[in-house]
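The primary structure of each chain is shown beneath.
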Amino acid sequence: MSLPQIYIALDYHNRIQADAMVSQLDPTKVGLKIGKELFTTEGPDWVTEQVEKGFSIFLDLKFHDIPNTVAKAVAAAARLNVDVVNVHASGGLKMMQAARQALEAFERPPLLIAVTVLTSMDASDLADIGITVPVEEQVLRLAKLTQQAGLDGVVCSAQEAPLLKRELDDEFKLMTPGIRPASAQKDDQKRTLTPLQAKQAGVDFMVIGRPVTQADNPHQAVLEILAELQQG
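What counts, and where the lines are drawn
- Residues numbered from 1 in each chain as written.
- Predicted model: local features only at pLDDT ≥ 70, side-chain atom pairs only at ≥ 80, totals over all residues.
- Heavy atoms only, no water.
- Helix = DSSP H or I, 4+ residues; strand = E, 2+ residues; numbered from the N terminus.
- Rg over C-alpha atoms; globule rule 2.2 N^0.38 Å.
- Buried < 20%, exposed > 50% of the residue type's maximum accessible area, 1.4 Å probe, protein only.
- Contact = heavy atoms within 4.5 Å.
- Axes fitted to C-alpha atoms, helices over the stretch in contact; angles between N-to-C directions.
- Left-handed = near helix turned anticlockwise from the far one by under 90°.
- Salt bridge = Lys/Arg side-chain N within 4 Å of Asp/Glu carboxyl O.
- Core = buried A, V, L, I, M, F, W, Y, C linked by side-chain atoms within 4.5 Å.
- Pairing = 2+ DSSP bridges.

**Q** What is the right way to read the overall build of the chain from this model?
**A** Secondary structure assignment for the chain yields 10 helices and eight strands. Against the 2.2 N^0.38 benchmark of 17 Å for 232 residues, the chain shows a C-alpha radius of gyration of 17 Å, consistent with a compact globule. Of all 232 residues assigned to the chain, the portion counted as buried reaches 53%. Within the chain, counting contacts between residues at least 6 apart in sequence, those at least 24 apart form 69% of the total.

Right, dumping it as structure tokens:
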């Protein structure tokens, strides 16, 4: 499965805003990340419309529930012909195994990846919920559990990518949000790298939002990021 390196985060309230952005993007250059807000507002039909336009879709709904419920949700996502779907690794081994098994019946299943530690969280945030180990240690623990469950990869910070590539199989995919060109603000993401730094760290797929969606020319912004990645 050949997927784009970059997925554009469509963090919009409704399809009017999202359609305006999608119309400025090239499906041969980037994929689309559709999260909870837009999916809840517009539903699966809008997702299908983007697939029909030729876009690769990362359906970022971070399923986390009892194993049977997550398995059914992942299968429903696969029927939309999206390319990437995710769950929370903290849901545990049995939940992730159920999700993986739910995709076995599909001829072309999406990549199934798991969220380790949200990139908005740092050590103090983990301590608030009773996790006292360093962020990287918790990320590695959850990534190993994800691999044990048979999933394709994890969502992680680019700063953890070298550790994960070193400790896990090279085929284990890394999807990284919070990528910011050097000129962009970090906003609410605390653990970020530039696109080139992320590639050099071993990241396979990158989620990029505001540096593209708030650019005067989103298509040109994409081309500039792709040109930067070619330097690595």
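**Q** Could you clarify how one ought to interpret the packing of helix α3 (residues 67–78) against helix α4 (residues 93–102) in this entry?
**A** Packed helices, taken two at a time, are described by their axes: the angle between them and the distance between them. At a minimum axis distance of 8 Å, the contact between α3 and α4 shows a crossing angle of 35°. The crossing of α3 and α4 is right-handed. Every residue of α4 that contacts α3 at Pro67, Val70, Ala71, Val74 and Ala75 is listed here: Lys94, Met95, Ala98, Ala99 and Ala102.

**Q** Even after reading the chapter, I still don't get the pattern of salt bridges, so can you show me in this structure?
**A** A side chain with one charge can pair with a side chain of the opposite charge if their charged atoms come near. The final tally for this structure, using the stated rule, is 10 salt bridges. The salt bridge involving Lys62 is made with Asp60; its shortest N-O contact spans 3.0 Å. Asp60 gets classed as buried once you look at its relative accessible area, which sits at 7%. Here Arg141 makes a salt bridge to Glu137, at a shortest N to O gap of 3.8 Å. Here the residue Arg141 and the residue Glu137 both occupy positions in helix α6 (residues 135–148), the gap between them amounting to four residues, near one helical turn. Assessed through its relative accessible area of 41%, Glu137 is described here as partly exposed. In the salt-bridge network here, residues are joined through shared partners; they are Asp11, Lys33, Asp60 and Lys62.

**Q** I keep staring at the environment of Leu223 and nothing clicks. Help me out?
**A** Note on placement: Leu223 falls in helix α10 (residues 218–230). Judged by its relative accessible area of 31%, Leu223 falls in the partly exposed class.

**Q** Help me understand the nonpolar core, please; the structure alone is not making it clear to me.
**A** Across soluble globular proteins, nonpolar side chains have a tendency to be buried as a group. Leu10, Leu25, Val74, Val87 and Leu164 are the most contacted members of the largest nonpolar core, which totals 67 residues. Discounting chain neighbours no more than four positions away, the residues touching Leu25 are Ile8, Val30, Leu32, Phe55, Val212, Pro218 and Val222. Core analysis: the second largest hydrophobic core is formed by 12 residues, Tyr7, Ala9, Val84 and Val155 among them.

**Q** Is there a simple way to explain unusual backbone geometry in this structure?
**A** Most peptide bonds take the trans form, and the phi angle of most residues other than glycine is negative. Residue Lys62 is not a glycine yet carries a positive backbone phi of 50°. Tracing the backbone through its elements, the reader meets Lys62 in strand β3 (residues 57–63). Phi angles above zero are rare outside glycine, and Asn81 is one such case at about 65°. Within the fold, Asn81 resides in the loop between α3 and β4 (84–88).

**Q** I would appreciate a short explanation of the sheet that holds strand β5 (residues 111–115) in the present structure.
**A** Hydrogen bonding along the main chain pairs the strands of a sheet, whether they run parallel or antiparallel. Judged by pairing direction, the barrel is parallel, and its eight strands sit side by side in the order β1-β2-β3-β4-β5-β6-β7-β8 before closing back on the first. Between one strand and the next, the sheet's axes are offset by a mean angle of 25°, whatever the strand orientation. In this structure, β4 lies alongside β5, joined through five bridges in parallel fashion. Pairing of Val84 across the sheet is with Leu111, part of β5. Running at roughly 160° to β4, α4 makes contact with β3, β4 and β5 of the sheet.

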